[in-house]
Amino acid sequence: PPHVTLQRPDPEPSPSLATLGLRPGDVTFSFLYWTIVEEREIETVRGRKCRVLLLRHPKDGQQVLAWFSLEFFFPLRIANLEPGKAEPSRSVEFTDFKKHGDLWYVKTIRLTGKDWKTLVKFKDGELKLTEEEAPPPDLFRGGGGGVLDEE
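In this report, the structure presented in the accompanying data block is examined. (Residues numbered from 1 in each chain as written. Predicted model: local features only at pLDDT ≥ 70, side-chain atom pairs only at ≥ 80, totals over all residues. Heavy atoms only, no water.)

Time to look at the pattern of salt bridges. The final tally for this structure, using the stated rule, is seven salt bridges. Linking E39 and R51 is a salt bridge whose minimum nitrogen-to-oxygen distance equals 2.7 Å. Here the residue E39 occupies a position in strand β1 (residues 35-45), and R51 occupies one in strand β2 (residues 48-56), the gap between them amounting to 12 residues. Counted as one network, the salt bridges with shared partners bring together R46, R77, E93 and R110. (Salt bridge = Lys/Arg side-chain N within 4 Å of Asp/Glu carboxyl O. Helix = DSSP H or I, 4+ residues; strand = E, 2+ residues; numbered from the N terminus.)

Attention shifts here to the environment of D96. With respect to the secondary-structure elements, D96 resides in strand β5 (residues 90-100). Since its relative accessible area comes to 34%, D96 is described here as partly exposed. When the C-alpha positions of D96 and Q7 are compared, they lie 39 Å apart, and in sequence the two are 89 residues distant. Here D96 is in contact with Y105, V106, K107 and T108, once residues within four sequence places are set aside. (Buried < 20%, exposed > 50% of the residue type's maximum accessible area, 1.4 Å probe, protein only. Contact = heavy atoms within 4.5 Å.)

What follows is the structure, encoded as structure tokens:
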């Protein structure tokens, strides 16, 4: 009779959010503390009217366009702008949300760049107020359960 040998491949490690294109500033919303350069005309993102603000980092001059929902006061899209280029180098869009108790959290993040796209869907998570419990010290570091390897 014929003989067949099967060998299962080694499991692939789960990619970090950094390898998917996500940066800590995308989820910590550090751009909220940047200098407002200008406000542009109201635009619609996924059927929601949004204020559009051009923001500049106060130290390094990096700029983003950010679309804030008029209804929810939450950023729905962020576009990183490179000096001298018309198109954003990357965009982050928050497309799906869920309520847990009194807290809302992002379920789906869509990232795009010149030649790439990434969709990050969070299935499970633990929500805690930082006033009640400090975040893990390795939250944005690789290994040990950290979610991002680098900024």
